Amino acid sequence: MTSDAILEVEDVSCAFGGVQAVDHASLTIDRGSITGLIGPNGAGKSTMVNIISGHTKGQEGRVVFAGQETTGLAPYQVARRGLIRTFQLSSEFPNMTLLENMLVAPRQVGTKFWNAMFRKSVWNREEYALLEKARHLLVEFGLYKLADEYAGNLSGGQKRLLEIARALMADPTMLVLDEPMAGVSGVLIDRLVDHILELNRSGLTFLVIEHDLEVIDRLCENVYVMAQGSVLAYGPMYELRQNESVLEAYLD
Amino acid sequence: MTSFLITMGIYFFIDLILVLSANLQLGLMGMANLGFVLFLGIGAYAATIFSIGPEPANSLQQYFFGVALPFPLPIILAIICGMIGGLLVGLVSLYRMRGHYLAIITLAILTICSTLVEGYPRFLGGSNGLTGIVQPLSSLTSSYNGYQLIFLGLSGVLCLAVFIFCQRFIHSPLGRMAKAVRENETAVTTLGINPFRVRLLATVCGGGMAALSGALLAEYVTAWGIAPWSFTEIFPATAAMIIGGRGNNWGVALGTFMTYVVVGQGLPFLPGVSSNPELGYAIQWIIYGVALVAFLWFRPSGLLPEQKGRWKHAPEFVPATMSSASDLPAAPSVAEQVAEEGAHSHDQ
Ligand SMILES: Nc1ncnc2c1ncn2[C@@H]1O[C@H](COP(=O)(O)OP(=O)(O)O)[C@@H](O)[C@H]1O
Ligand SMILES: [Mg+2]
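The structure displayed is predicted, hence computed values, not measured ones. (Residues numbered from 1 in each chain as written. Chains lettered and ligands numbered in written order. Predicted model: local features only at pLDDT ≥ 70, side-chain atom pairs only at ≥ 80, totals over all residues. Heavy atoms only, no water.)

Caption draft 1: Structural context of the interface of chain A and chain B. Contacts between the two partners involve 56 residues from chain A and, on the opposite side, 51 residues from chain B. Here chain A meets chain B over a buried area of about 5000 Å², counting both sides, of which 63% is carbon and sulfur. Remark: the boundary between chain A and chain B carries 2 salt bridges. Across the pair Arg176 of chain B and Glu127 of chain A runs a salt bridge, and its minimum N-O distance is 2.9 Å. (Contact = heavy atoms within 4.5 Å. Buried area = accessible area lost by both parts, 1.4 Å probe. Salt bridge = Lys/Arg side-chain N within 4 Å of Asp/Glu carboxyl O.)

Here is the structure:
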């Protein structure tokens, strides 16, 4: 058991008009763990992820990632610190090939204007190194045969795989997955679970939001339960299954 | 006839620079930034006042400022003015506005500027415009045909430079990033990309390119005013881009040729049209409109669609040799993968 926290969310709140989507919620994610986040629809899970990644500004509270406060940072600034998230709706770049999708993620010298225009020799070497890495990852995720296909032509499950592979190109230290299994069928679910476990073994921290409790069981040591914007409980699944308030929230 | 072909060539180069500017913003980045016509005018007015010389006392035309700078300074200053204009418009509009709103605000800025110019004749000649713009390099020859050739060469070289610029932009990691911003702005932010910076960059570059087009246009025609500086110019440029293929510079060149040269310059050759310019004008607009709708409906990616990313050695890739070099789990062999893909092919 590791005890140092990589992500601390302290007492955040966020309201949309009259809807209190997140209501004084706190989370602590241990470095190197796979932590689950479950709760009924509308519990505020996605809003919580948005607050963590900077896509939504919370009205109260603070977020600390890797020892530094990230409250109020723009999403791209949070991402550059190594926290990459995926979205509940798959968010591939449909009119770009899988390889192009992959190569958008890493920071490259060739995205600087001057380098792009006048110093191809400088960015080209890096480009080919990253291309190699991208192909490698596509093989691992079983997408290599489709490398030059437009991402918009993939099936729902393949898009989820691509999204995670693309996130890995950015060399994250933590991945936050918002319902990664939504729209994914049986075989691919197993494959995604295996990938997440493997990546975790190599040191990546995960926060996984998921409806499918069986998947949560296979992945997570500890799980947060949210309902109506608040964190109800935290612990291993087998304990949560005995917890009165958790059962009640799910029965609502 | 030769003279006519040369004139057509010059217009092709000038128009292509403008359509490439539109393509960088609308085609590559999907920004509904209609300001390229604004920057066309900024470039034209800038090239004018930096070449025309001080306002003569007894002249009919009035302007607030004028100097006679030698070639190529008026063109360079025009590009800089266009880039500054692009920066300002970008800062004002891009920070919060997208889609329709961006289109409307850029149109509004264009209308405000042309209304200002029209309303203050002392500023930039008002609705009469400015004439007597000094042509670049005109001291080199006194013959009309000779100068036509010089201008053809000048506009051709500048157009080629802009084309190469756009090719490098689009086919670089920067261009890929720009495309991704177009495809999904929210997803791009979670990969550490600041979409605002990319958009602003495209607006500044596009502003400079459109201004160059305007500067050449004013210097070729030797006159400029609010009449040619109209938002209607948006349509042929957009039609050229969509017919040719947005996001593809070669497509844009083809589209420019089709719309501006074949339709724009070819129509007067039709029987009945040469004696009735109004008719030609009407037919031209009908063709632009119909072609635009038809392409958006049947072939939205244009004649030459955007290219997929390609890399030189896309070779036999042997994953097994690489797995040890990485901290990632061992890769399945390609054979395994092919079998597996077969098993998955039904899963939609
Ligand atoms: N952008 C938004 N505008 C208004 N209400 C929102 C917005 N995002 C989420 N909500 C509301 O906040 C609540 C929590 O939503 P969400 O975080 O998506 O829940 P979950 O992901 O747990 O299903 C819901 O009631 C939802 O309707
Ligand atoms: Mg959700």
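Caption draft 2: Here's a closer look at the domain arrangement of chain B. Residue and element names in this part refer to chain B. On domain assignment, one finds that chain B holds domain 1 (8-229) and domain 2 (230-307). The C-alpha centroid of domain 2 is placed 20 Å from the C-alpha centroid of domain 1. Between domain 1 and domain 2, the residue contacts involve 29 residues of the former and 22 residues of the latter. Taken over both partners, the interface formed by domain 1 and domain 2 buries close to 2100 Å², and the fraction arising from carbon and sulfur atoms is 69%. (Domains from an automatic or database assignment.)

Caption draft 3: How the structure looks around the pairing of strand β9 (residues 222-227) of chain A. Residues and elements named next belong to chain A. Taking burial as the measure, the 6 residues of β9 include 6 buried ones, the bulk of the element. Side chains Asn222, Tyr224 and Met226 project from β9 onto one buried face, and the interleaved Val223, Val225 and Ala227 project onto a second face that is buried too. Bridge count for β9 against strand β10 (residues 230-235) is 5 bridges, and the pairing is antiparallel. The partner of Val225 across the bridge, within β10, is Ala233. Taking the residues that link successive antiparallel strands as the turn, the β9-β10 hairpin has 2 residues, and the phi of Gln228 there is positive, at about 50°. (Buried < 20%, exposed > 50% of the residue type's maximum accessible area, 1.4 Å probe, protein only. Helix = DSSP H or I, 4+ residues; strand = E, 2+ residues; numbered from the N terminus. Pairing = 2+ DSSP bridges.)

Caption draft 4: Seen up close, the pattern of salt bridges. All names here are of chain A. Applying the stated rule across the entire model yields 15 salt bridges over all chains. The partner of Asp4 in a salt bridge is Arg31, and the shortest N-O contact between them spans 3.0 Å. Here Asp4 is found in the segment before β1 (5-16), whereas its partner Arg31 is found in the loop between β2 (19-30) and β3 (34-38), with 27 residues between them in sequence. Of the residues examined, Asp4 reaches a relative accessible area of 38% and is grouped as partly exposed. Its relative accessible area of 35% is what places Arg31 among the partly exposed residues.

Caption draft 5: Here's a closer look at the environment of Leu270 of chain B. All names here are of chain B. Position of Leu270 among the secondary structure elements: in the loop between α11 (249-266) and α12 (277-298). Residue Leu270 is classed as partly exposed on the basis of its relative accessible area, which comes to 40%. Residues Leu270 and Gly280, spaced 10 residues apart in sequence, show a C-alpha to C-alpha distance of 8.6 Å.

Caption draft 6: How the structure looks around the nonpolar core. Residues Leu138, Leu175 and Phe206 of chain A together with Phe36, Phe169, Trp224 and Trp229 of chain B are the most contacted members of the largest nonpolar core, which totals 148 residues. Residues contacting Trp224 of chain B, with those up to four places away along its chain left out, are Leu40, Gly41, Ala44, Tyr45, Thr48, Gly129, Leu130, Ile133, Leu217, Ala218 and Trp229 of chain B. (Core = buried A, V, L, I, M, F, W, Y, C linked by side-chain atoms within 4.5 Å.)

Caption draft 7: Focus on the sheet that holds β1 of chain A. Residues and elements named next belong to chain A. The strand order across the open sheet formed by 4 strands is β2-β1-β4-β5, and the pairing between neighbours is antiparallel. Of all the strands in the sheet, the pair left with one neighbour each is β2 and β5 (68-69). Direction of pairing for β1 relative to strand β4 (residues 60-65): antiparallel, over a ladder of 5 bridges. Looking at β4, one finds that Glu10 is bridged to Arg62. Where helix α1 (residues 45-53) meets the sheet, it contacts β1, β2 and β4, and its direction lies at approximately 115° from that of β1. (Axes fitted to C-alpha atoms, helices over the stretch in contact; angles between N-to-C directions.)

Caption draft 8: Representation of the domain arrangement of chain A. All names here are of chain A. Split into domains, chain A comes out as domain 1 (5-92 + 173-251) and domain 2 (93-153). Centre-to-centre, using C-alpha coordinates, domain 1 lies 28 Å away from domain 2. Taken together, the 5 residues of domain 1 in the interface contact 9 residues of domain 2. Buried area between domain 1 and domain 2, both sides added, is near 580 Å², and the carbon and sulfur share of it is 56%. The largest contributions to the domain 1 side of the interface with domain 2 come from Arg80, Glu92 and His195, which together make up 74% of the buried area. Among the residues forming the side of domain 1 that touches domain 2, the class breakdown is no nonpolar, 2 polar and 3 charged. (Nonpolar A, V, L, I, M, F, W, Y, C, P; charged D, E, K, R; others polar.)

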